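Overview (structure and organization)
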Amino acid sequence: MVVPPVEELVDYILIEEVQLKTRVAELAKSINDDYRQLSPVLLVGILKGCVLFLTDLSRSLTVPHAIDFLDISSYGAGMRQSTGDIRVLMDLHQSIEGYHVLVVEDIVDSGRTLNHVIRRLEARKPASLKICTLLNKAERREIPVPLSYVGFTIPDVFVFGYGLDIDEYYRNLPHIAVVKPDIQIHS
Ligand code: PRP
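Read on for an overview of the structure. (Residues numbered from 1 in each chain as written. Predicted model: local features only at pLDDT ≥ 70, side-chain atom pairs only at ≥ 80, totals over all residues. Heavy atoms only, no water.)

As a further point, take the pattern of salt bridges. All chains considered together, the criterion is met by 13 salt bridges. Across the salt bridge formed by aspartate 56 and arginine 59, the nearest N and O atoms sit 2.9 Å from each other. One end of the pair, aspartate 56, and the other, arginine 59, are both in helix α2 (residues 51-60), three residues apart, so they sit about a helical turn from each other. Taking the relative accessible area as the measure of exposure, aspartate 56 reaches 27% and is therefore partly exposed. A single salt-bridge network, built from bridges that share partners, covers Lys48, Asp165, Glu168 and Arg171. (Salt bridge = Lys/Arg side-chain N within 4 Å of Asp/Glu carboxyl O. Helix = DSSP H or I, 4+ residues; strand = E, 2+ residues; numbered from the N terminus. Buried < 20%, exposed > 50% of the residue type's maximum accessible area, 1.4 Å probe, protein only.)

So this is what it looks like as C-alpha cells:
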C-alpha cells in the first residue's frame, strides 16, 4: 500500500496552526480559572484523536493534573463518519473516584462515543465530570452531550490533521484540513 502525499488529499485547510495555538491557549486559560480551587484533577483523553490536542492543552495548564486514557473506537478504517458501533479497546488505568475529571476529545460528531464515555465514567463516582472538545460537528448530533469547553464548531465536512486521521494517517499535520471528496487511502 502506498500512502498518497498529503497534497493529493487536502481540499483546503479549515483551521490554521496559529488559530489552533490561540484557541488552545484560550481553552487552557478558562480551565485554569475554573479548576483553580479543585483537586485532584484528571484529564481523560479519548484515544487516539485527542493526543496532539491533549498534550498541547496539558502543557498550557497551570492546575496540577494527572492524565489517563480511554481507547474507544467508533469509526472503522475507511469510514467517513461514526458507525455507531462503539468498542472499548483500552480502559482507564486508575480509579477516578473523587477526581475532578475533564474528558478531552478531538471531535464530537453524533455524540454516541461521549454518551457512552459519560455513562461509563459517571458510574465510577468522580467528584465532577466535564467535557472539553477541540471540534464540535454540532449539526451531526444524534445524542445531546454537555460540552463545557469547545474549541471550534465546524460544518459537516470530513477533517483530518492535528490528531484526527484519514484512514489512520496524517494525524501529525499541524492544522485541520478538509479531505477532497471520494478519496480513500485503503481500498
Ligand atoms: C472519533 C473521535 C470521537 C468520535 C466522535 O474517534 O475521536 O471519539 O469519533 O464521533 P461520535 O460523536 O459520532 O461518536 P474514532 O472512532 O475515529 O477513533 P480515533 O480517535 O482513534 O481516530
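What follows picks up the thread again.
On to the site of the ligand, then. The ligand sits among 18 residues. The nearest are Ser74, Glu105, Asp106, Ser110 and Thr113. Lysine 48 places a polar main-chain atom, nitrogen or oxygen, 2.8 Å from an oxygen atom of the ligand. Glycine 111 is positioned with one of its backbone polar atoms (N or O) 2.8 Å from an oxygen atom of the ligand. When the ligand is considered free in solution it has 500 Å² of accessible area, and contact with the protein chains removes 95% of it. Among the elements that line the shell around the ligand, the one with the most residues is strand β5 (residues 100-108), at four residues. By residue class, the composition of the shell around the ligand is four nonpolar, seven polar and seven charged. (Near = heavy atom within 4 Å. Polar contact = N/O pair within 3.5 Å; in protein donor to acceptor, adjacent residues only side chain to side chain. Areas by Shrake-Rupley, 256 points an atom, 1.4 Å probe, with all protein chains shown as cover. Nonpolar A, V, L, I, M, F, W, Y, C, P; charged D, E, K, R; others polar.)

Before going further, it helps to examine the sheet that holds strand β1 (residues 10-15). One open sheet holds the three strands; their spatial order is β1-β9-β8, and the pairing between them is antiparallel. A strand with exactly one partner marks an edge of an open sheet, and here the two such strands are β1 and β8 (159-160). As judged from the two bridges shared by β8 and strand β9 (residues 176-179), these two strands associate in the antiparallel manner. Note on β9: the bridge partner recorded for valine 159 is valine 178. (Pairing = 2+ DSSP bridges.)

Here we take up the sheet that holds strand β3 (residues 66-73). Pairing in this open sheet of six strands is mixed, and the strands run β4-β3-β2-β5-β6-β7 from one edge to the other. Edge positions in the sheet fall to β4 (87-90) and β7 (149-153), since each of these pairs with one other strand and no more. The mean angle between the axes of side-by-side strands here comes to 25°, regardless of whether they run parallel or antiparallel. Bridge count for strand β6 (residues 128-136) against β7 is four bridges, and the pairing is parallel. Among the inter-strand pairings, cysteine 132 is bridged to a residue of β7, identified as tyrosine 149. Against the sheet, helix α1 (residues 17-34) makes contact with β5, β6 and β7, and its axis sits at roughly 160° relative to β7, the strand it touches most. (Axes fitted to C-alpha atoms, helices over the stretch in contact; angles between N-to-C directions. Contact = heavy atoms within 4.5 Å.)

Here the focus is the pairing of β3. Across six bridges, strand β2 (residues 41-47) lies against β3 in parallel orientation. Looking at β3, one finds that valine 44 is bridged to aspartate 68. In this fold, β2 hands off to α2, which returns the chain to β3; that crossover is right-handed. Of the pairings in the sheet, the one linking β3 to β4 comprises three bridges and is antiparallel in character. Note that in β4 the partner of isoleucine 72 across the bridge is valine 88. (Right-handed = clockwise from strand over helix to strand, strands pointing away.)

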